[in-house]
Amino acid sequence: MRRVLLHLGLHKTGTTAAQSFLYENRELIWPHFALVLPYRTRNSGLSRAATNHSVYGTVGTLSEFGSQLREFLDSLDFGDKRGLILSEENFAGLRPSRNIDQGYAAAPDLAACLVDSIRQRFSGQEVEITIYLSLRERGGWLRSLWAHDLERMRQVFDFETFRDNLDHLPPLQDTVSRIKEKLPSVSVTTEWLEDLQLRRLGPGDPFAEFMDLSREKANLLVPPTQVNTRLPEDVLSELLELNRSRLEEAALVAQKTAVIERAQTDLIGTS
């Protein structure tokens, strides 16, 4: 039986660490599962197709996502027994802070399209599909979104205004419930980032459990080395002031990069 695990985010819930775990343990994973991470989904255009649908929500955008997805799956080597582990938060839709009106409204349709495409890829074979979503306490999640946007965009709102602008978005658990309703025949599981951070493999733990490797191989799994470190409050304030300045885009990016690199160096020096 083919076993498939689809990690569909959500954004800022430990996805970087989860994908780091998968990549760093890829040699142990590959004999059992084909591995699909964002560098493949984004280079192939699949990620953009998913986020386009989350913004426009038309029959055409969903059809385009499905068409690209089926072509991509056909290109993967599954051998006789190999399953699939996929981790791509953009398959739940565009980051909500960049898609304020829709949030994760498109996540159920995107998940259903993904499941249908996988079943088509393994047509005539027995396949067990699990959808996994990582969650985070709302306050920490919103603050992480805000900090991310301060770094990557010209975000000019302070956190309180940013939070109020996203206050209408439903809890992350609602997205999980809607996916379950859309796909009653598929197992949908969740874990909270706050709990995962206490485990030896961190956000990689749910994947280790799913793989169900022999004890000998499981003992070889290593924790993720790449995580998104939260920047100190004074650095976030500095980034906000730069975003509010009249600097041209190139100069703004250069100054923000210098601020972030200096802060990261300081964090390494104190760890």
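The structure we're discussing is the one just above.
Parameters and conventions
- Residues numbered from 1 in each chain as written.
- Predicted model: local features only at pLDDT ≥ 70, side-chain atom pairs only at ≥ 80, totals over all residues.
- Heavy atoms only, no water.
- Axes fitted to C-alpha atoms, helices over the stretch in contact; angles between N-to-C directions.
- Helix = DSSP H or I, 4+ residues; strand = E, 2+ residues; numbered from the N terminus.
- Parallel < 35°, antiparallel > 145°, perpendicular 65-115°, else oblique.
- Left-handed = near helix turned anticlockwise from the far one by under 90°.
- Contact = heavy atoms within 4.5 Å.
- Salt bridge = Lys/Arg side-chain N within 4 Å of Asp/Glu carboxyl O.
- Buried < 20%, exposed > 50% of the residue type's maximum accessible area, 1.4 Å probe, protein only.
- Core = buried A, V, L, I, M, F, W, Y, C linked by side-chain atoms within 4.5 Å.
- Phe/Tyr/Trp six-rings, centres within 6.5 Å; stacked < 30°, edge-to-face > 60°.
- Lys NZ or Arg CZ within 6 Å of the ring centre and 35° of its normal.
- Pairing = 2+ DSSP bridges.

## Here we look at the packing of helix α4 (residues 46–56) against helix α5 (residues 59–74)
Next up, step 1: It is the contact of α4 with α5, at a shortest axis distance of 8 Å, that shows an interaxial angle of 160 degrees. One finds that α4 runs roughly antiparallel with respect to α5. In this structure, α4 crosses over α5, and the sense of that crossing is left-handed. Here Leu46, Ala49, Ala50, Asn52, His53 and Tyr56 of α4 come into contact with α5, specifically with Thr61, Leu62, Phe65, Gln68, Leu69 and Phe72.

## Side note on the pattern of salt bridges
Next up, step 1: Within the structure shown, the criterion is met by 14 salt bridges.
Next up, step 2: Residues Asp109 and Lys182 are paired through a salt bridge, measuring 3.0 Å at the closest nitrogen-oxygen approach. One end of the pair, Asp109, is in helix α6 (residues 107–121); the other, Lys182, is in helix α9 (residues 172–182), with 73 residues separating them in the sequence.
Next up, step 3: Exposure remark for Lys182: the relative accessible area of 43% places this residue in the partly exposed category.

## Details of the nonpolar core
Soluble globular proteins tend to bury their nonpolar side chains together.
Next up, step 1: If you look at the biggest cluster of nonpolar residues, it comprises 60 residues, and the most contacted ones within it are Leu6, Leu8, Phe65, Leu84, Ile118 and Ile131.
Next up, step 2: Dropping the residues within four chain positions of it, Leu8 is found in contact with Leu86, Glu88, Glu89, Phe91, Ala92, Ala111, Leu114, Ile131, Tyr132 and Leu133.

## Topic: the packing of aromatic side chains
One pair of aromatic rings is described through two measures. These are the centre distance and the angle between the planes.
Next up, step 1: Under the criterion given, the structure shown has 5 aromatic pairs.
Next up, step 2: Ring plane angle 75 degrees and centroid distance 5.3 Å describe the contact between Phe65 and Phe91, whose orientation is recorded as edge-to-face. Placement of the pair is Phe65 in helix α5 and Phe91 in the loop between β3 (83–87) and α6, with a sequence separation of 26 residues.
Next up, step 3: With a relative accessible area of 0%, Phe65 lands in the buried category.
Next up, step 4: A cation over an aromatic ring shows up here: Arg26 above the ring of Tyr23, its NZ or CZ 3.9 Å from the ring centre.

## Re the sheet that holds strand β2 (residues 33–36)
Next up, step 1: Across the sheet, which stays open at both edges, the 5 strands sit in the order β2-β3-β1-β4-β5 with parallel pairing between neighbours. What marks the edges here is a single partner per strand, and that holds for β2 and β5 (187–192). Pairs of neighbouring strands in the sheet enclose a mean axial angle of 15 degrees, with direction left out of account.
Next up, step 2: Bridge count for strand β1 (residues 2–7) against strand β4 (residues 127–135) is 6 bridges, and the pairing is parallel. Counterpart to Val4 in the pairing with β4 is Ile129.
Next up, step 3: Running over the sheet, helix α1 (residues 15–24) touches β1, β2, β3 and β4 and is turned about 145 degrees from β3.
Next up, step 4: Together, β4 and β5 form the strand contacts of α9, whose direction differs from that of β4 by roughly 165 degrees.

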